[in-house]
Amino acid sequence: MKLRSLLLAAMLLLAAVPSEARRKPQKFTHETVDIPAVQPRAIAVETAGTQLVLQVDARGTVNTVHYGAPAGDPAQFIGFNQGGHHNFDAPSAYPTAGGRFNGQDALHVRYSDGNQNTELYYTSHEVQARDGVTTTTVRLKDYVTALEVDLVYDAYVPEDVILMHTVIRNCGKKDIELRNAASASLNLTPGKYLLTHFYGGWATEMQIDQTLLTHDTKVIETRRGTQTTQGNNPSFLLSCGGSFSETDGETIAGALAWSGNFRISFEIDQSDRLNIVSGINPFASAYPLRAGQSFTTPEMIYTWSCNGAGGASRNMHRWARKYGVWKGGQVNPTLLNSWEGAYFSFTTETLLRMIDDAASMGLEMFVLDDGWFAREHPRNSDKAGLGDWEVNTDKIPEGIDYIAKYAHSKGLKFGIWIEPEMVNPDSNLAAEHPDWIVQSPGREIYQSRNQWILDLTNPAVQDFVFGVFDRTVSLSPDIDYVKWDSNRRIMSFGSPYLGDEQDRFFVEYIQGLYNVCRRMREKYPDIVVQCCSAGGSRIDYGSMRWFNEVWTSDNTDAITRARIQWGTSLIYPPCVMGSHVSAVPNHQTGNVTPLKFRFDVAAAGRLGMELQPKTLTDEEKALADRCIQSYKGYRDLVFDGDLYRLSSPFDSDFYSLMYVSADRRRAVVFCYCLRFQNHSIGGHVFRMQGLDPELRYTVSELNVDSSRWWGNGRQFSGAFLSNGGFNPVFKKANTSMVFLLEAAE
Ligand code: GLA
């Protein structure tokens, strides 16, 4: 008989046997594995103003019993019962599927014999301190399966931020599957919790949704692979009294440092406790872990403040400037970007004249956006060229170095755009490496913006993507800045490289991306790199550790940008927010706003321009020059000051925010009128924050020839400005005022 017929006969035979008979029997005995008793204890993870307390009971179960203001000696929590009779429903610090499973799991493992129970018990813990950071590692073990789990808490002491992540080690002899491996589980005591989270799409990033949590599970997540922050952003605020306040009340901010599929679930259980489980989304990702291997989850970042959302944001920002953003807090240059001014249609001459204009208005960098590359499939529209990263000499015969040198000769830095993760079907790369494209066998590879996405799980693709960065910046020694774009999400998910281990795909794509970023930073620590993803579709702390700034949104309309920047600032520091003045009518919305208003909105982030300057009148250029000069005088506050949000564009016609220096002696205040309803409410009163009540500040209006504000140039006390009446009078919608506050000697 031929081999094929033999196989067929065997399959038929198998099919005839009832499936129960084919299952491997398991040995069940009533013997249980001994779990060593431990000395009950409490472990405190402490920052200057917060405390997280883990309680270890005599069985070795580890529970989270407190997160908030310091409660003193943690030993007081020994025996603290939060789980009713036997403490069986106590709030586990890392709940697992199995054991006393209570409904929500942070860890779900499938073992090689098909079992899916995991029970973790305390074995030891250790604390290590270095420069303002204390790391507490709590070691847990499953005594039946030899699985080991470390819960790691990094306490950033002065910033009041705690990072949580988990290391899972397969110390058994067989391979296992991680069906869920969350970064962290946080339990909070019964109460009313108002969740603020962020949704959006292209040109409407970081909009705010608020919901009072009820007795069910609320999930924010994405399964889009990349561009993960379109839809939901992996971050949130929790107002612990049930109502949102910028200034008062216990507020927790949380953010996951992961640029891929994520899931954050909020469950109020039958004991009224809130349990928050956050981490990589397990969707299509039953991650295989071989014997001896370990898996490290991304970090979940938490902060707590009793000063409302403002306090929580400022903690997060301070931490981010120091640790969470590549060179966070560093002042990045003002710039002119070519995109909305030239799109794909330019020649060397176009670019040189834009550089001249940028220099004459006092800008500090010129960025050449999309359209400079690909020869055989020239990038003259978004239909071709991605993947072929050689200079299009039909457009720029002199090459990139010539343009970069010209910019430098005018005193400007030079930046360039790439989108290295992508490929147009109409390109040499797509023809040469069809196996590098994310796809599922036998199915159409769907296009989005006429492009496909490269498979970053493949080390050869990682080399290529790093090579795109490396070769592009080698086009000229005068390249100071790169805009790294990523304009689509993953569809038809699958990797030719991973073969039958497709469960690794979503996780290893992002790990591959981070590998490339790591190489980029090892070689180019000083190049300023912007993280763009069709605007702000990759704003998260996973990517920010490699990037200096983000392109907050393709929406450059000052009116709608107000909300996008406000929402972004709740979690991410303003130093990362690229914000550009563009032409009117605005290309995304059609709105027409005054140039000054556009400058005043953009100046609350990293200021830039994105238009064809030759369309500006001399008067407009002079205004631009004035706004750019004044920005240079206070931008250290935007990049490294503390942000106080005074009035929200989501629920007020008047929008206002201010940045205050660490010593509280200088501040810049932005006030905008978004909607003007009638003259009787023209004088909106803003209450300033963050000032020293005892100091006297000289208040000067900026960006105008002569101020019409009654108090311009006068001195006021911090107390007056915070509690009295700071009321710039607006007479029209889409007008704005910017004030500099300087403490008198
Ligand atoms: C994306 C970016 C834009 C611009 C274009 C170029 O949409 O968000 O800023 O760079 O790509 O194609």
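Model, not experiment: these values are computed from the prediction. (Residues numbered from 1 in each chain as written. Predicted model: local features only at pLDDT ≥ 70, side-chain atom pairs only at ≥ 80, totals over all residues. Heavy atoms only, no water.)

A short note on the domain arrangement of the chain
1) Next: As far as domains go, the chain holds domain 1 (41–324) and domain 2 (647–743).
2) Next: Distance from the C-alpha centre of domain 1 to the C-alpha centre of domain 2: 39 Å. (Domains from an automatic or database assignment.)

Some details on the sheet that holds strand 30 (residues 642–647)
1) Next: A sheet is described by the order of its strands in space; here six strands give the open sequence 30-31-32-35-33-34, paired in antiparallel fashion. In the strand order of this sheet, the two ends are held by strand 30 and strand 34 (715–717), each with one partner. Geometrically, the sheet is characterised by an average inter-axis angle of 25 degrees between neighbouring strands, direction not taken into account.
2) Next: Taken together, the six bridges between strand 33 (residues 696–702) and strand 35 (residues 735–743) define a ladder with antiparallel strand orientation. Paired with Leu 702 across the bridge in strand 35 is Val 738.
3) Next: Relative to strand 30, helix 11 (residues 558–569) is tilted by about 130 degrees, and along the sheet it contacts strand 30 and strand 31 (654–660).
4) Next: Against the sheet, helix 13 (residues 618–640) engages strand 30, strand 31, strand 32 (666–673), strand 33 and strand 35, with an angle of about 100 degrees to strand 32. (Pairing = 2+ DSSP bridges. Helix = DSSP H or I, 4+ residues; strand = E, 2+ residues; numbered from the N terminus. Axes fitted to C-alpha atoms, helices over the stretch in contact; angles between N-to-C directions. Contact = heavy atoms within 4.5 Å.)

Description of the packing of aromatic side chains
A ring pair, where both rings are aromatic, is described by two values, the distance of the centres and the angle of the planes.
1) Next: If you walk through the whole model with that rule in mind, you get 41 aromatic pairs.
2) Next: On the basis of an interplanar angle of 85 degrees and a centroid distance of 5.8 Å, the ring pair of Trp 258 and Tyr 514 is categorised as edge-to-face. With Trp 258 in the loop between strand 14 (251–256) and strand 15 (262–268) and Tyr 514 in helix 9 (residues 505–523), this residue pair connects regions lying 256 residues apart in the sequence. When sorted by exposure, Trp 258 lands in the same class as Tyr 514, which is buried.
3) Next: Ring centres of Trp 709 and Phe 716 lie 6.0 Å apart, and the angle between their planes is 45 degrees; on these two criteria the pair is classed as tilted.
4) Next: An aromatic cluster is present here, built from Trp 566, Phe 597, Tyr 631, Tyr 634, Tyr 655, Tyr 659, Phe 670 and Tyr 672 joined pairwise through their rings.
5) Next: For Lys 395, the ring lying beneath its charged end belongs to Phe 346, and the centroid distance is 4.7 Å.
6) Next: In this arrangement the basic side chain of Arg 504 is found over the ring face of Tyr 287, its NZ or CZ atom lying 5.2 Å from the centre. (Phe/Tyr/Trp six-rings, centres within 6.5 Å; stacked < 30°, edge-to-face > 60°. Buried < 20%, exposed > 50% of the residue type's maximum accessible area, 1.4 Å probe, protein only. Lys NZ or Arg CZ within 6 Å of the ring centre and 35° of its normal.)

A look at the pattern of salt bridges
1) Next: Throughout the structure, instances matching the rule amount to 35 salt bridges.
2) Next: For Arg 645, the salt bridge goes to Glu 246, with nearest N and O atoms at 2.8 Å. On the criterion of sequence distance, the pair formed by Arg 645 in strand 30 and Glu 246 in the loop between strand 13 (231–239) and strand 14 is long-range, its members being 399 residues apart.
3) Next: Its relative accessible area of 14% is what places Glu 246 among the buried residues.
4) Next: Among the ionic pairs, Asp 356 bridges to Arg 353, the shortest N-O distance being 2.8 Å. Taken as a pair, Asp 356 and Arg 353 lie in helix 5 (residues 348–360) at a separation of three residues, close to a single helical turn. (Salt bridge = Lys/Arg side-chain N within 4 Å of Asp/Glu carboxyl O.)

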